[in-house]
Amino acid sequence: MNTSSLMEQILSSDNLNRAYLQVVRNKGAEGVDGMKYTELKEHLVKNGEIIKEQLRTRKYKPQPVRRVEIPKPDGGVRNLGVPTVTDRFVQQAIAQVLTPIYEEQFHAHSYGFRPNRCAQQAILTALDMMNDGNDWIVDIDLEKFFDTVNHDKLMTIIGRTIKDGDVISIVRKYLVSGIMIDDEYEDSIVGTP
């Protein structure tokens, strides 16, 4: 597949409309700018063309994510980064174009963080394999994986498939957009928000 002109697919009206609907369906908390998902439509009516032009010219600058700590059942916390609604909209538009490209590359028996897949399907597949005489099932959960992703290594892997420099540029900008913890800005030098 030719991946050298993906930005225009990302910015197509159909893709952006689907991204908008998904962000509104997902609802979600406000990012650092305080904008609610219910305000996104009006914001895009006023600023949509500007955002598209900024993305085309590599001038779009994602905002830092707002750090939220979610309690875990074991007593620890999981750190989440809450992007602004506008950034979620752009991320969704990008994901809708990139996901089908990468889905073709993933292993058929990989179930984590994949569309239309869930843990129950993984269990059913494992049971089928055991019934077929297989003795070993491997389940891997890398602790704090997303907090430790090396940006350069990730971008190298993305660059093997994606040849559109505009898309590579915006993905990198999201990785380094930073984190707001209370009112303090922190660089994001490792990990994915």
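Preceding block: the structure.
A.B. asks: Explain the overall build of the protein chain here, please?
C.D. replies: The number of helices and strands found in the protein chain is seven helices and four strands. The linear arrangement of helices and strands in the protein chain, starting from the amino end, is α-α-α-β-β-α-α-α-α-β-β. With the C-alpha coordinates aligned to their principal axes, the bounding extent of the protein chain is approximately 60 × 45 × 30 Å. By the burial criterion, 31% of the 193 residues in the protein chain qualify as buried.

A.B. asks: Got a minute to help me understand a negative patch on the surface in this structure?
C.D. replies: On the surface, a cluster of negative charge is made up of Asp74, Asp139, Asp141 and Glu143. Position of Asp74 relative to the elements: it lies in the loop between strand 1 (65–71) and strand 2 (77–82).

A.B. asks: Honestly, the environment of Arg78 in this entry has me stumped. Any pointers?
C.D. replies: Of note, Arg78 is situated in strand 2. Assessed through its relative accessible area of 47%, Arg78 is described here as partly exposed. Taking the C-alpha atoms as reference, Arg78 lies 9.9 Å from Asp147; in sequence the two are 69 residues apart. Not counting residues up to four positions away in its chain, the partners in contact with Arg78 are Val68, Glu69, Ile70 and Lys72.

A.B. asks: How do you make sense of empty space enclosed by the protein when you look at a structure like this?
C.D. replies: In this approach the atoms are scanned with a rolling probe the size of a water molecule, which exposes any empty space left behind. Evaluated as defined, the whole model comprises one cavity of 30 Å³ or more. Considered as a void within the structure, the largest cavity measures approximately 30 Å³ in volume. Gln54, Leu55, Arg58, Tyr60, Asp166, Ser169, Ile170 and Lys173 together form the lining of the largest cavity. Of all the secondary structure elements, the ones that give two or more residues to the lining of the largest cavity are helix 3 (40–56) and helix 7 (165–175). A total of four residues in the lining of the largest cavity trace back to one element, the largest contributor, which is helix 7. For the lining of the largest cavity, the per-class residue count stands at three nonpolar, two polar and three charged.

A.B. asks: Any chance you could explain the layout of surface pockets here in plain terms?
C.D. replies: Approximately 280 Å³ is the volume attributed to the second largest pocket. If you trace the second largest pocket, you find it lined by Ser13, Leu16, Asn17, Tyr20, Lys41, Leu44, Val45, Gly48, Glu49, Ile51, Lys52 and Phe89. When contributions to the lining of the second largest pocket are tallied by element, the ones reaching two or more residues are helix 2 (13–26) and helix 3. Looking at the lining of the second largest pocket residue by residue, the classes come out as six nonpolar, three polar and three charged.

Rules used in this analysis
Residues numbered from 1 in each chain as written. Predicted model: local features only at pLDDT ≥ 70, side-chain atom pairs only at ≥ 80, totals over all residues. Heavy atoms only, no water. Helix = DSSP H or I, 4+ residues; strand = E, 2+ residues; numbered from the N terminus. Buried < 20%, exposed > 50% of the residue type's maximum accessible area, 1.4 Å probe, protein only. Patch = residues over 30% accessible without salt bridge, like charges linked within 9 Å, V, L, I, M, F, W, Y side chains within 5 Å. Areas by Shrake-Rupley, 256 points an atom, 1.4 Å probe, with all protein chains shown as cover. Salt bridge = Lys/Arg side-chain N within 4 Å of Asp/Glu carboxyl O. Lys, Arg positive; Asp, Glu negative; His and termini not counted. Charge placed at Lys NZ, Arg CZ, Asp CG, Glu CD. Contact = heavy atoms within 4.5 Å. 1 Å grid on protein atoms, 1.4 Å probe; cavity = no way out; pocket = protein on both sides within 12 Å on 5 of 7 lines; lining within 4 Å. Points joined across faces, edges and corners; volume = space filled by probe spheres on them. Nonpolar A, V, L, I, M, F, W, Y, C, P; charged D, E, K, R; others polar.

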